[in-house]
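For reference, the chains in residue letters:
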Amino acid sequence: MFNVVWFKRDLRLRDHAPLQAAVRDGLPVLLVYLFEPAVLAHYDSNPRHWRFVWQSLQDMQQQLTPYQQTIFIANQNAFPFFEQLLLKQAVHSVYSHEETGVRLTFDRDLQLKRLFLNRGVLWREFPQSGIRRGLSHRAGWKDQWFDQIRAPLQHPELAALKSFALPEAAQRALAGPPLPAFLSEQPEGFQPGGETSGWRYLHTFMEKRIEGYLRQISRPAQSRRSCSRLSPYLAWGNLSVRQVFQFAEKQAGMVGNKRNLEQFLSRLRWRDHFIQKFESECRMEFENINPAFNHLRTEVDERLLQAWKDGQTGFPLVDACMRCVKATGYLNFRMRALPVSFLTHTLWQPWQAGAGFLAQQFLD
Ligand SMILES: Cc1cc2nc3c(=O)[nH]c(=O)nc-3n(C[C@H](O)[C@H](O)[C@H](O)COP(=O)(O)OP(=O)(O)OC[C@H]3O[C@@H](n4cnc5c(N)ncnc54)[C@H](O)[C@@H]3O)c2cc1C
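Since the structure is predicted, the reported quantities are computational estimates derived from the model, not experimental observations. (Residues numbered from 1 in each chain as written. Predicted model: local features only at pLDDT ≥ 70, side-chain atom pairs only at ≥ 80, totals over all residues. Heavy atoms only, no water.)

Colleague: Can you tell me about the overall build of the protein chain, naming the residues and giving the values?
Modeller: When its secondary structure is counted, the protein chain shows 17 helices and five strands. Taken over the C-alpha trace, the protein chain has a radius of gyration of 21 Å; the compact-globule value for 364 residues is 21 Å, and the two agree within 12%. Oriented by its inertia axes, the alpha-carbon framework of the protein chain measures out at about 60 × 50 × 45 Å. Across the 364 residues that make up the protein chain, the buried fraction comes to 49%. (Helix = DSSP H or I, 4+ residues; strand = E, 2+ residues; numbered from the N terminus. Rg over C-alpha atoms; globule rule 2.2 N^0.38 Å. Buried < 20%, exposed > 50% of the residue type's maximum accessible area, 1.4 Å probe, protein only.)

In structure tokens form, the structure reads like this:
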């Protein structure tokens, strides 16, 4: 028998509770990542995301090589992958992080839950940073978040990891078609994926760049340097929020202006606060939070929408934002808010018409 660690948006080897637990369990472990065609074809997906994931996997693979471990990477949707795996192989448990994703991944996980239950496989899911599943109210959330974020990091003991090698025939059957060729491209202007890059951004931010954090946070150009730029590394799990928070707190002595550090740390909490909202109220992927807005704007003017997407509205700052995010995957907070506000207020378009397009552009 063996266990599976299924990597999703947690592409790191440190502070990884599922991997730590699987190693401690003592059974051999199969490390798996799935490029799921259904997720790659979803309305919010873009090749830039999967390149970042690919780079993250390469980085993990490099770190695993001294331990003679490999990650099995397949081009398959999760349900058929696990269905096929369980048919021929004796899996004891599947370890993963809980995922606060979109409707597609939520439905997939419900299907998988039934599959694992029917096949007698234990699915051990662990919370991502401070996000709590099944919460009926948020009273006390902030205190619990601090407890969680200041708790000891959960580093797996990689030297004790016993690898499970899938038989060659099973590998061939499970791998799926060749991976998309675009994965190994790296267009200029995008942040590179991987734990190593994430740590580099964190170090340079804490050592120097944080000095301009608050002063420049709303400036379109300067903020690209003085903000941490950690968002893709957090989104794809190259770094956990806990790792970043604890590292930053430890470096507090080096930071001249304490307000910069406080504001940065509070934004890490905002991040989990908003993800918690989405976890608890996932209808907001499609619906207005306030139903009073339901009939306000329903018609989409395709001509206006296209001009907005192309950065051709004739409003220079809006157009610059749209062209910039397409070319680099990044905008600071204010420059993200601006085109959304322009789309919904000035062009009077429903937010749903632009949300998927922006989700494709942001690397995070
Ligand atoms: C329309 C719109 C869309 C956005 N989409 C995303 C998105 O897809 N992914 C994403 O991570 N952030 C999103 N944000 C929030 C925010 O703009 C980015 O997190 C931030 O600009 C990332 O840059 P940074 O890592 O340099 O941030 P820093 O200022 O260095 O902050 C550190 C971290 O704190 C978190 N954070 C910072 N600001 C916010 C905020 N306002 N709300 C929630 N968390 C925050 C991020 O994880 C960020 O990496 C969006 C904001 C708006 C207005």
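Colleague: Can you explain the packing of helix 14 (residues 302-310) against helix 17 (residues 352-361)? Please cite residues and give values.
Modeller: Relative to each other, helix 14 and helix 17 sit at 25 degrees, their axes nearing to 11 Å. Regarding the angle of helix 14 to helix 17, the classification is roughly parallel. Once helix 14 is placed against helix 17, the crossing between them reads as right-handed. From helix 14, Leu305, Trp308 and Lys309 reach across to helix 17, where they touch Ala353, Gly354, Phe357 and Leu358. Taken together, the residues of the contact of helix 14 with helix 17 sort by class into five nonpolar, one polar and one charged. (Axes fitted to C-alpha atoms, helices over the stretch in contact; angles between N-to-C directions. Parallel < 35°, antiparallel > 145°, perpendicular 65-115°, else oblique. Left-handed = near helix turned anticlockwise from the far one by under 90°. Contact = heavy atoms within 4.5 Å. Nonpolar A, V, L, I, M, F, W, Y, C, P; charged D, E, K, R; others polar.)

Colleague: Break down the packing of aromatic side chains for me, with residues and values.
Modeller: Using the criterion set out here, one finds 23 aromatic pairs in the structure. For the pair Trp145 and Phe245, a centre-to-centre distance of 5.6 Å together with 85 degrees between the ring planes defines the contact as edge-to-face. Of the two residues, Trp145 sits in helix 6 (residues 141-150) while Phe245 sits in helix 12 (residues 241-250), which places them 100 residues apart along the sequence. Through successive ring pairs, a cluster of aromatic residues spans Trp6, Phe72, Phe81, Phe82, Phe116 and Trp123. (Phe/Tyr/Trp six-rings, centres within 6.5 Å; stacked < 30°, edge-to-face > 60°.)

Colleague: Quick rundown of the site of the ligand? Include the residues and the values.
Modeller: Taken together, 22 residues sit near the ligand, with Tyr213, Ser228, Arg229, Arg271 and Asp364 positioned nearest. With respect to the ligand, the backbone of Leu230 contributes an N or O atom lying 3.1 Å from an oxygen atom. Within the side chain of Tyr330, an N or O atom sits 3.1 Å from an oxygen atom of the ligand. Of all the secondary-structure elements, those providing two or more residues to the shell around the ligand are helix 11 (231-235), helix 13 (258-280) and helix 16 (333-346). The element best represented in the shell around the ligand is helix 13, accounting for six residues. Each of domain 2 (194-283) and domain 3 (288-361) contributes no fewer than three residues to the shell around the ligand. (Near = heavy atom within 4 Å. Polar contact = N/O pair within 3.5 Å; in protein donor to acceptor, adjacent residues only side chain to side chain. Domains from an automatic or database assignment.)

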